[in-house]
Amino acid sequence: MLPIYLANPRGFCAGVTRAVNTLSQIVKDVREKSKVRPIFVLKEIVHNKELVSRFQQEGVTFVQEISEVPDGELLVFSAHGVSPRVRKEANQKKLITVDLTCPLVAKVHSEAIRFAKKGYVIFLIGHNGHDELQGTLGEALASGAEVKVIETVKDVHNLDKDVDRDEDKEKYKNKKLIYLTQTTLSILDSQKIINELKEKFPNLQAPNSSDICYATTNRQEAVQNLLDKLDKNKALIIVVGSQNSSNTKRLAEKSIQQGFEVVQIDNCQELDIDLPRFEQIGITSGASVPEDLVQGVVAKLEELVPDSKVIELEPTEEQSKRETTKFPSPKYKI
Ligand code: SF4
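Quick caveat, the model's predicted, so the values are computed rather than measured.

(A) Structural detail: the packing of helix α4 (residues 103–117) against helix α5 (residues 131–142). In contact at an axis separation of 8 Å, α4 and α5 are set at 25 degrees when each is read in the N-to-C sense. In terms of orientation, α4 lies roughly parallel with respect to α5. Note that α4 runs across α5; the crossing there is right-handed. Listed contacts from α5 to Val105, Val108, His109, Ala112, Ile113 and Ala116 of α4 are Glu132, Gly135, Thr136, Glu139 and Ala140. Looking at the contact of α4 with α5 residue by residue, the class counts come to six nonpolar, three polar and two charged.

Right, here's the structure in full:
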């Protein structure tokens, strides 16, 4: 018998649900009310290949730059948020915009603006080039902050390439310093960076509450619970989600760091494994992954191994409580 353990919570978070539901509603409204208006989305609505492809099939156009959108048209901002420069360009082009930035990303933007205006140097911990980080960085810079983007512990050591650690300390000793983080980071890895920053700059301050969101926390805890149930010498971990999804990648990394064999796939069509090698399967999915994709993987495994048993793990009380987070759709005109 092949046990298939499902991590819980997994999949859609409140910010993704809000973005996906609102865009679906916009597609419906446009069809019913105006019929002719094209719908543009800047970057991916959420980082999931399948969802983007489903919206494309509904007629939604995804663009990388505002310049690709004709003046006066409808443009949706993704759940990852945008910088003030993007909003300004959209205004100049008189675009009708719908902003689907997750409220928890918007919270980090507000912090960046608030601390920038108070004269803080901001250490922004996150993945350089990620859409969310670009938005937060843009907000901080537009509000006049000195910002240092930190991706790894090594970046803390190399903060200023031409000076050594003592000189760095001296340089920032009398400044007001704060760190902020991307919402989807590894809790453990970001804590290592924060510890290193604190050691280097004892005057470093923390935001009032963690910027790593409840959904990231829950999914990382859930995958740990899953790993604790399995034997790394017998199990395969299947992480469902796209390669450019930060929170999904963190789930795969966590499993790899603990010695598990891992495959990260977008859907069941990509499942290409030597199943007889494994006696246990664990499955989880990132915050931008629709549950039907996970169920597709489960169905394929059941088809390949008729003698299999699906075991849905239970979330803790605390995780269940956090997972009740919901965000209403924003009001919009089209
Ligand atoms: S992962 Fe967190 S911050 Fe990102 S959309 Fe979901 S709830 Fe919002």
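(B) Focus on helix α8 (residues 187–200). Compared with an ideal rise of 1.5 Å per residue, which puts 14 residues at 20 Å, α8 spans 20 Å between its outermost C-alpha atoms and is within 8% of the ideal. What α8 keeps buried is the set Ser190, Ile193, Ile194, Glu196, Leu197 and Lys200. Down the axis of α8, the buried set is contained in an arc of 160 degrees. They therefore lie on one face. Of the exposed residues in α8, those oriented more than 90 degrees away from the buried face are Leu188 and Glu199.

(C) Local environment of the pattern of salt bridges. Inspection of every chain in the model, using the stated rule, returns 22 salt bridges. Its salt-bridge partner being lysine 43, residue aspartate 131 comes within 3.7 Å of it at the nearest N-O pair. Taken together, the positions of aspartate 131 in helix α5 and lysine 43 in the loop between β2 (39–42) and α2 (49–57) put the pair 88 residues apart, joining distant regions of the chain. Aspartate 131 sits in the buried class, given a relative accessible area of 15%.

(D) Geometry of the domain arrangement of the chain. On domain assignment, one finds that the chain holds domain 1 (2–13 + 214–322), domain 2 (14–101) and domain 3 (104–205). One C-alpha centre belongs to domain 1, the other to domain 3; they are set 32 Å apart. Every contact between the two is made by 10 residues of domain 1 and, on the other side, 11 residues of domain 3. With both sides pooled, the region where domain 1 packs onto domain 3 buries about 720 Å², and carbon together with sulfur makes up 50% of that total. Here domain 1 is connected to domain 3 by zero salt bridges. For the side of domain 1 that touches domain 3, the secondary-structure elements that each account for two or more residues are α9 (214–229) and α10 (246–257).

(E) Seen up close, the site of the ligand. All residues in the neighbourhood of the ligand are listed as Cys13, Gly15, Cys102, Leu104, Val105, Thr183, Thr184, Cys213 and Tyr214. Along the lines of polarity and charge, the residues of the shell around the ligand split into six nonpolar, three polar and no charged.

(F) A look at the packing of aromatic side chains. Under the counting rule described, the total for this entry stands at four aromatic pairs. Above the plane of the ring of phenylalanine 115 lies arginine 114, whose end atom (NZ or CZ) is 4.9 Å from the centre.

(G) Representation of the side chain of threonine 217. Checked against the element boundaries, threonine 217 lands in helix α9. When residues no more than four places from it in sequence are discounted, the contact partners of threonine 217 are Ile187, Ile212 and Arg322.

(H) Geometry of the sheet that holds strand β4 (residues 74–77). What the four strands build is an open sheet, ordered β3-β2-β4-β5; its pairing is parallel. Each edge of the open sheet is held by one strand with a lone partner, namely β3 (60–63) and β5 (96–99). For this sheet, the mean angle separating the axes of adjacent strands, direction not counted, is 30 degrees. Bridge count between β2 and β3: four bridges; the pairing is parallel.

(I) Broad picture of the nonpolar core. One finds Ile39, Ile45, Phe55 and Val76 to be the most contacted residues of the largest nonpolar core, which totals 30 residues. The set of elements that each furnish at least two residues to this core consists of α1 (14–34), β2, α2, β3, β4 and α9. With eight residues, α1 is the single largest residue contributor to this core. Looking at which domains feed residues into this core, each of domain 1 (2–13 + 214–322) and domain 2 (14–101) supplies at least three. Residues within four places of phenylalanine 55 in sequence aside, it is in contact with Val20, Leu23, Ser24, Val27, Ile45, Val60 and Phe62. Grouped together as the second largest cluster of nonpolar side chains are 19 residues, Leu275, Phe278, Leu293 and Val294 included.

The rules behind the values
Residues numbered from 1 in each chain as written. Predicted model: local features only at pLDDT ≥ 70, side-chain atom pairs only at ≥ 80, totals over all residues. Heavy atoms only, no water. Axes fitted to C-alpha atoms, helices over the stretch in contact; angles between N-to-C directions. Helix = DSSP H or I, 4+ residues; strand = E, 2+ residues; numbered from the N terminus. Parallel < 35°, antiparallel > 145°, perpendicular 65-115°, else oblique. Left-handed = near helix turned anticlockwise from the far one by under 90°. Contact = heavy atoms within 4.5 Å. Nonpolar A, V, L, I, M, F, W, Y, C, P; charged D, E, K, R; others polar. Expected span 1.5 Å × (residues − 1). Buried < 20%, exposed > 50% of the residue type's maximum accessible area, 1.4 Å probe, protein only. Arc of directions from axis to C-beta. Salt bridge = Lys/Arg side-chain N within 4 Å of Asp/Glu carboxyl O. Domains from an automatic or database assignment. Buried area = accessible area lost by both parts, 1.4 Å probe. Near = heavy atom within 4 Å. Phe/Tyr/Trp six-rings, centres within 6.5 Å; stacked < 30°, edge-to-face > 60°. Lys NZ or Arg CZ within 6 Å of the ring centre and 35° of its normal. Pairing = 2+ DSSP bridges. Core = buried A, V, L, I, M, F, W, Y, C linked by side-chain atoms within 4.5 Å.

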